[in-house]
Amino acid sequence: MRILLVDDEVRLADGIRRGLEAEGMVVDVAHDGLTGLRLGTDGDYDAIVLDVMMPGMSGYRVCQALRADDVWTPVLFLTAKDGEWDEVEGLDTGGDDWLTKPFSYPVLVARLRALVRRGGRERPVVLEAGDLRLDPAARRVFRGDTEISLTARELTVLDFLLRRRGEVVTKREVITNVWGDDFDGDANIVEVYVGHLRSKIDRPFGRAAIETVRGAGYRLAAGGG
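Residues numbered from 1 in each chain as written. Predicted model: local features only at pLDDT ≥ 70, side-chain atom pairs only at ≥ 80, totals over all residues. Heavy atoms only, no water.

Engineer: What is the right way to look at the pairing of strand 12 (residues 217–220) in this model?
Structural biologist: Regular strands show a simple pattern: their side chains alternate between the two faces of the sheet. By the bridge criterion, two bridges tie strand 10 (residues 168–169) to strand 12 in an arrangement that is antiparallel. Its bridge partner being in strand 12, valine 169 is matched across the sheet by tyrosine 218. Relative to strand 12, strand 11 (residues 210–213) runs antiparallel, the two sharing four bridges. By the bridge assignment, glutamate 211 is partnered in strand 12 with arginine 219. Connecting strand 11 to the next strand, strand 12, in antiparallel fashion are three residues, including glycine 215 with a positive phi near 80°. (Pairing = 2+ DSSP bridges. Helix = DSSP H or I, 4+ residues; strand = E, 2+ residues; numbered from the N terminus.)

Below, the structure written as structure tokens:
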């Protein structure tokens, strides 16, 4: 899940970002409405978390401008404004959900997952490749009837590979979609996580779903290996 967080409270935004990343999401952050609008228009996000009162442009106007530009990424307003008419305005300008500060963090995560399931575009409820299945909402993985325990990051890597099953993806594509555009660490981290996945979803079952395409990247076999 790629999330855009737009909030001018820097410390709060940083805490939310770290929390969502711990859930396996990729999070970009903007601290003003104009930057949020630019990123929301140009980026491919699964959901946008949007404050209302911000410098440059209010969250209401950001959402309204996105909808006017035919950007239908689900928007969750996260704001200290708790009046019923505030919420009405947020929903009427194109928002999909509303959560007031202070908020319950598990509720925020659950609502984001619900928005992503509904989505601004069609998404499969369960990702499948042969007998390999991943339920993004429940965050559960199975080989046949056997459930496999994965870490949050392993789940995110597998989610990306399953969504691109049958296609060759480069290390850079994996890094961008799993760790984010600003990742400046060792690109070999992709090899590390592919190795983790192979040891959990392939080798114990005598499969080889994740293929290395020499000089190009990786491919998850459409049939599940």
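Engineer: So what exactly am I meant to see when it comes to unusual backbone geometry here?
Structural biologist: In terms of backbone geometry, most residues other than glycine have negative phi values and most peptide bonds are trans. The linkage connecting lysine 101 with the following residue, proline 102, adopts the cis geometry, with an omega of -5°. Along the chain, the position of proline 102 falls in the loop between strand 5 (97–100) and helix 5 (105–118). Not every positive phi belongs to a glycine, and aspartate 70 is a case in point at roughly 60°. Topologically, aspartate 70 is positioned in the loop between helix 3 (59–68) and strand 4 (75–79).

Engineer: Got a minute to help me understand the environment of valine 26 in this structure?
Structural biologist: Turning to its location among the elements, valine 26 is positioned in strand 2 (residues 26–30). Between the alpha carbons of valine 26 and valine 178 there is a distance of 6.0 Å; along the sequence they are 152 residues apart. Among all residues touching valine 26, those that are not within four sequence positions of it are Met1, Arg2, Ile3, Thr176, Asn177, Val178, Trp179 and Gly180. (Contact = heavy atoms within 4.5 Å.)

Engineer: Explain helix 7 (residues 171–178) here, please?
Structural biologist: Note: α-helices contain 3.6 residues per turn, so residues at a spacing of three or four share the same orientation. Here helix 7 has its buried residues at Val174, Ile175, Thr176 and Val178. The secondary structure elements touched by the buried residues of helix 7 are strand 1 (2–6), strand 2, helix 6 (152–163), strand 10 and helix 8 (189–202). Positive phi shows up at glycine 180, right after helix 7, with a value of about 105°. (Buried < 20%, exposed > 50% of the residue type's maximum accessible area, 1.4 Å probe, protein only.)

Engineer: How should the nonpolar core be read in this particular structure?
Structural biologist: Nonpolar side chains in soluble globular proteins tend to end up buried together. Formed by 26 residues in total, the largest nonpolar core has its most connected members in Val141, Leu158, Leu162, Trp179, Ile210 and Leu220. Elements with a minimum of two residues in this core: strand 6 (127–129), strand 7 (132–135), helix 6, helix 7, helix 8 and strand 12. No other element matches the six residues that helix 6 contributes to this core. Discounting residues that sit within four places of it in the chain, valine 141 has contacts with Leu132, Arg133, Leu134, Thr146, Glu147, Ile148, Leu150, Leu155 and Leu158. In terms of nonpolar packing, the next biggest core, distinct from the first, is built from 18 residues, Val6, Leu37, Val52 and Met57 among them. (Core = buried A, V, L, I, M, F, W, Y, C linked by side-chain atoms within 4.5 Å.)

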